[in-house]
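Commentary on secondary and tertiary structure
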Amino acid sequence: MSKWTIELDRGTCIGTGMCTATAPDHFRLEGGTSTPVNETVDEDEAVVDAAESCPMEAILVRSADGTVLAPQV
Amino acid sequence: MEPRSYPFPEPDDLVVNETYLELQRDEPVARVRLPYGREAWLATRYADAKIVLADPRFSRAPVMDAGYDPPRTMPEVPRISTILSMDPPEHTRLRRILAKAFTARRTEQLRERAQQIVDDLLDEVQAQGPPADLVDALAMPVAITLISEMLGVPALDRAKFREWSDAAVAITAFTVPEIEAAAASLRAYIRDLVEEKRENPADDMLTVLVHAHDNEDRLTEEELVSFGVTLLIAGHETTGSEISNFVYQLLTHPDRLAELHADPSLVPAAVEELLRVTKLSGSPGFPRIATADVELSGVTIRAGEAVFVDGLVVNRDPAVFANPHELDFHRAHNPHFAFGHGVHHCIGAPLARMELQVSISTLLRRFPGLELSGEVVFKKGRLVRGPERLPVRW
Ligand code: SF4
């Protein structure tokens, strides 16, 4: 299984808790903003769901070769 | 101890009932009884609310289970599932269909259109001359026009659904048969509109939903209709009321108003702060059901028990907000729960923010001498609070 990477822009995040509730294994709320538990993860659709649901588009998910998987613009 | 009757009596103004604040201080997780259904808990502190709203050990779905007697204000047990009665992954499946339509970026693209709508309405107000009722002349039409255009509701039908929607969001302001009839009319109306979009697809959200049902099998026909109704109601009752509420708050806080006139760049911060302090919700909200035993402020919530949280009360928690009852446009950090928290965080939040910013800033700029010209009476017995009329002169 290939690895994905999660980038989270904490400057954009407004701490809605959408991602932490959508993918509780992958995100954590810390001091009012979200942060990925691990920046490199096994493929998991929940991460894509979280990135697609973020109202601020603060979460970027990339495949191993750097292609952006989510959010789709 | 005897559970308290809940919801607490509604104040006449936009303030928070004192009982909430006493509980927040002395009994942060309190036992409550609603008019119907089983007993429940009421959590009033920010830290507990965060757990109830975003921890996966709390669920919305059991309220739809046959045999579960949810705590509620109306005799009927709601049996029509909406996005608000779902958990992930069902919730995520529905939410994702429209998430793109509501991102902050997408909403910014609508700012120009919102500005135009507000300008046209205020041209009319100016032409008519004082006094004016800003509920009818600005607040409701701005919110209704924008959500209707996004959804694809024809302009001609808007008066019709406003009447239904007014009754559909009632708790005690109408009789139960009236409320049910209005809700049924709204569903029938959306059902017809869905058929119409099927025949004539357009660049709007109802067409996106129809496509997701017909071509991608991502939601059922019932979910499609429920989603349309929810968006239509939630999309204008709340924002429309908040525009009026915020204008009222500013006109009754002259120092804060003067501050905004002196520095209009404070408007976005002012909108956040008004969101934080204005008690919009007139209902107990949607209870969350524990799926495991969870401890909140030293109280154990047993699996199966229901917990209510009121975001607007939580927003007054002194542990998070210094001088919580003060309207302060200079808070460095304002993580309020006015839009909720967790997966059910309002999908329309960026849209509502933008509409509020445009309405408030334009109104202040064009009517610098604005003041109340009569008594303001607030609606009661509804899910959302707002003035019946907002009489102003300038
Ligand atoms: S969904 Fe987006 S804005 Fe909300 S907490 Fe996660 S990253 Fe932040």
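Quick caveat, the model's predicted, so the values are computed rather than measured. (Residues numbered from 1 in each chain as written. Chains lettered and ligands numbered in written order. Predicted model: local features only at pLDDT ≥ 70, side-chain atom pairs only at ≥ 80, totals over all residues. Heavy atoms only, no water.)

Strands belonging to one sheet form pairs held by backbone hydrogen bonds; the direction of such a pair is parallel or antiparallel. All names here are of chain B. Across the sheet, which stays open at both edges, the six strands sit in the order E1-E2-E3-E9-E6-E4 with mixed pairing between neighbours. For this open sheet the edge positions go to strand E1 (4-5) and strand E4 (58-59), each flanked by a neighbour on one side alone. In the sheet, strand E6 (residues 288-290) pairs with strand E9 (residues 306-309) via two bridges, with the strands oriented antiparallel. Paired with isoleucine 289 across the two strands is alanine 306, which belongs to E9. In the packing of helix H2 (residues 46-54) onto the sheet, contacts are made with strand E2 (29-33), strand E3 (40-43), E4, E6 and E9, and the angle to E9 comes to roughly 120°. (Pairing = 2+ DSSP bridges. Helix = DSSP H or I, 4+ residues; strand = E, 2+ residues; numbered from the N terminus. Contact = heavy atoms within 4.5 Å. Axes fitted to C-alpha atoms, helices over the stretch in contact; angles between N-to-C directions.)

Another aspect to go through is the interface of chain A and chain B. Contact residues are listed per partner, giving 20 residues for chain A and 18 residues for chain B. Buried surface at the junction of chain A and chain B, summed over both partners, amounts to about 1600 Å²; 58% is from carbon and sulfur atoms. Summed over the shared surface of chain A and chain B, the number is two salt bridges. In this structure, A:Glu57 engages B:Arg105 in a salt bridge whose closest nitrogen and oxygen atoms are separated by 2.7 Å. Sorting the residues of the side of chain A that touches chain B by element identifies helix H1 (18-22) and helix H2 (45-53) of chain A as the ones contributing at least two each. No other element matches H2(A), which puts four residues into the side of chain A that touches chain B. The class makeup of the residues in the side of chain A that touches chain B is eleven nonpolar, six polar and three charged. (Buried area = accessible area lost by both parts, 1.4 Å probe. Salt bridge = Lys/Arg side-chain N within 4 Å of Asp/Glu carboxyl O. Nonpolar A, V, L, I, M, F, W, Y, C, P; charged D, E, K, R; others polar.)

Taken together, the residues surrounding the ligand are A:Leu8, A:Cys13, A:Ile14, A:Gly15, A:Thr16, A:Gly17, A:Met18, A:Cys19, A:Ser34, A:Cys54, A:Met56 and A:Ile59. For the shell around the ligand, the per-class residue count stands at eight nonpolar, four polar and no charged. (Near = heavy atom within 4 Å.)

What follows covers the layout of surface pockets. All names here are of chain B. Of the pockets and cavities examined, the second largest pocket occupies roughly 710 Å³. At the level of secondary structure, the elements contributing two or more residues to the lining of the second largest pocket comprise H2, helix H4 (104-108), helix H12 (267-277) and helix H14 (349-366). If you tally residues by element for the lining of the second largest pocket, the top one is H14, at four residues. Per-class residue counts for the lining of the second largest pocket are 15 nonpolar, 13 polar and eight charged. (1 Å grid on protein atoms, 1.4 Å probe; cavity = no way out; pocket = protein on both sides within 12 Å on 5 of 7 lines; lining within 4 Å. Points joined across faces, edges and corners; volume = space filled by probe spheres on them.)

With that out of the way, let us pick up the pairing of E9(B). All names here are of chain B. A two-sided burial pattern is seen for E9, the buried positions comprising Ala306 and Phe308 on one face and Val307 and Val309 on the other. Relative to E9, E3 runs parallel, the two being bridged by three bridges. Within E9, the position partnered with alanine 43 by the bridge is valine 309. (Buried < 20%, exposed > 50% of the residue type's maximum accessible area, 1.4 Å probe, protein only.)

Listed in full, the buried residues belonging to helix H9 (residues 205-214) of chain B are B:Met205, B:Leu206, B:Thr207, B:Leu209, B:Val210 and B:Ala212. The elements touched by buried residues of H9(B) are helix H3 (90-99), helix H6 (134-151), helix H8 (176-199) and helix H10 (221-251) of chain B.

Before going further, it helps to spend a moment on the sheet that holds strand E10 (residues 371-372) of chain B. Residues and elements named next belong to chain B. Ordered in space as E5-E11-E10, the three strands form an open sheet in which the pairing is antiparallel. The outermost strands of the open sheet, each flanked by one partner alone, are strand E5 (132-133) and E10. Taken together, the two bridges between E10 and strand E11 (residues 391-393) define a ladder with antiparallel strand orientation. Across the sheet, leucine 372 pairs through a bridge with valine 392, a residue of E11.

Looking now at unusual backbone geometry. Residue and element names in this part refer to chain B. With an omega of 0°, the peptide bond running from tyrosine 6 to proline 7 counts as cis. Relative to the assigned elements, proline 7 resides in the loop between E1 and helix H1 (18-26). Residue proline 88 is joined to proline 89 through a cis peptide bond whose omega torsion reads 5°. Summarising the element assignment, proline 89 is placed in the loop between E4 and H3. Positive phi, normally seen in glycine, also occurs at serine 297, with a value near 45°.

Moving on, we come to the side chain of B:Arg276. All names here are of chain B. Locating arginine 276 in the fold gives a position in helix H12. Given the relative accessible area of 0%, arginine 276 is considered buried. At 3.0 Å, the side chain of arginine 276 and the side chain of glutamate 273 are in polar contact. Within the local environment of arginine 276, its side chain forms a polar contact with the backbone oxygen of glutamate 326, the two atoms lying 3.0 Å apart. Once residues lying within four places of it in the same chain are set aside, the contact partners of arginine 276 are Leu312, Asn315, Arg316, Phe321, Asn323, Pro324, Glu326, Arg331, Asn334 and His336. (Polar contact = N/O pair within 3.5 Å; in protein donor to acceptor, adjacent residues only side chain to side chain.)

One finds B:Leu138 and B:Leu209 to be the most contacted residues of the largest nonpolar core, which totals 82 residues. Discounting chain neighbours no more than four positions away, the residues touching B:Leu138 are B:Val118, B:Leu121, B:Leu122, B:Ile243 and B:Leu363. Among the nonpolar cores identified, the runner-up in size contains 18 residues, and A:Cys13, A:Ala23, A:Phe27 and A:Val47 belong to it. (Core = buried A, V, L, I, M, F, W, Y, C linked by side-chain atoms within 4.5 Å.)

Residue and element names in this part refer to chain B. Where H8 contacts H10, the axes come no closer than 9 Å and their chain directions differ by 110°. In terms of orientation, H8 lies roughly perpendicular with respect to H10. Once H8 is placed against H10, the crossing between them reads as right-handed. Across the interface between the two elements, Leu186, Arg187, Ile190, Arg191, Val194, Glu195 and Arg198 of H8 pack against Glu221, Glu222, Leu224, Val225, Ser226, Gly228, Val229, Leu232 and Ile233 of H10. Its residues assigned to classes, the contact of H8 with H10 shows eight nonpolar, two polar and six charged. (Parallel < 35°, antiparallel > 145°, perpendicular 65-115°, else oblique. Left-handed = near helix turned anticlockwise from the far one by under 90°.)

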